[in-house]
Amino acid sequence: EQRTREQLADSLEHDKSVFRQVVDALPVGVWVADAEGRILLENASSRRIWGREQSVDADTGGLFRARRPGSEKALSLIEWGLMRALRIGETSKNEAIEIERADGRFRTVLHSAAPLLGPEKEVVGAIAVNEDVTERRTLIAQLRETEGRFVALFEKNIDAMLLTKSDGTVLRANAEA
């Protein structure tokens, strides 16, 4: 019986180690909170996204600030997907928010959260996933700006212009063409 307990303990430690490695390998930030909102698990990507060296704990968890893109108003506690998952059992997916990092810079993340349910379907915790999309959003904005300049130059050019595929198929023609 003692040997079986030791084997079970070893197996559990191995499984916990593998689980931790998997969570830390994810490119998205992951938080797991208990029913009171205390962060029980935070991965390395979460610390990178939020610009912190140390894991979050119950004393610092309330210090996170975020807002909706284009707004200056900070999100209230219940507006966070993680808190809605804990308080009302709501699942949220890919809500765009701007977070304020520990260094004061803002990043845009897609925030998703889901409740974790106990045997009686009661909320016993929640998981949140944050994907940093700041660079992607910046590149999209730059692409739109470049496309706008191209369209303006193309459409307003006094010379006939055609945009064609390599086989000669016309993709676009300006008014002079």
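Look up: the structure comes first, before these words.
A quick note: this is a predicted structure, and the numbers were derived from the prediction, not measured.

Novice: Got a sec to walk through the pairing of strand β4 (residues 92-100)? Specific residues and values, please.
Specialist: In this sheet, β4 lies alongside strand β3 (residues 65-67) in antiparallel orientation, the contact comprising three bridges. Along β4, the bridge assignment pairs R65 with E100. Here seven bridges tie β4 to strand β5 (residues 106-117), and the two strands are oriented antiparallel to one another. Bridge pairing in β5 places E100 opposite F106.

Novice: Which residues make up unusual backbone geometry, and what are the values?
Specialist: A positive phi is found at N94, a non-glycine position, where the angle reads about 50°. Note on placement: N94 falls in strand β4. For K121, which is not glycine, the phi torsion reads 65° and is therefore positive. Within the secondary structure layout, K121 lies in the loop between β5 and β6 (123-132).

Novice: Can you lay out the sheet that holds β3 for me, pointing to particular residues and giving the numbers?
Specialist: Strand order in the open sheet made by the six strands is β2-β1-β6-β5-β4-β3, with antiparallel pairing throughout. Only two strands of the sheet have a single partner each, and these edge strands are β2 (39-42) and β3. On average, each strand axis in the sheet is inclined to that of its neighbour by 35°, with strand direction left out of account. Against the sheet, helix α3 (residues 81-88) touches β1 (29-34), β2, β4, β5 and β6, its axis set at about 165° to β6. In the packing of helix α4 (residues 134-156) onto the sheet, contacts are made with β4, β5 and β6, and the angle to β5 comes to roughly 130°.

Novice: Provide a residue-level description of the packing of aromatic side chains, including the pertinent values.
Specialist: Counted according to the given criterion, the structure contains three aromatic pairs. An aromatic cluster of at least three residues, connected via ring pairs, comprises W31, W50 and W80. Here the guanidinium or amino end of R67 rests over the ring plane of F106, the centre of that ring lying 3.8 Å away.

Novice: Residues and numbers for the pairing of β1, please.
Specialist: Of all the six residues making up β1, six are buried; the element is thus mostly covered by neighbouring parts of the structure. Of the two faces of β1, both are covered, the one formed by G29, W31 and A33 as well as the one formed by V30, V32 and D34. Direction of pairing for β1 relative to β2: antiparallel, over a ladder of three bridges. Residue pairing across strands places V32 opposite L41, the latter belonging to β2. Hairpin connection of β1 to β2: four residues between the antiparallel strands, including G37 at a positive phi of 95°.

Criteria and thresholds
Residues numbered from 1 in each chain as written. Predicted model: local features only at pLDDT ≥ 70, side-chain atom pairs only at ≥ 80, totals over all residues. Heavy atoms only, no water. Pairing = 2+ DSSP bridges. Helix = DSSP H or I, 4+ residues; strand = E, 2+ residues; numbered from the N terminus. Axes fitted to C-alpha atoms, helices over the stretch in contact; angles between N-to-C directions. Contact = heavy atoms within 4.5 Å. Phe/Tyr/Trp six-rings, centres within 6.5 Å; stacked < 30°, edge-to-face > 60°. Lys NZ or Arg CZ within 6 Å of the ring centre and 35° of its normal. Buried < 20%, exposed > 50% of the residue type's maximum accessible area, 1.4 Å probe, protein only.

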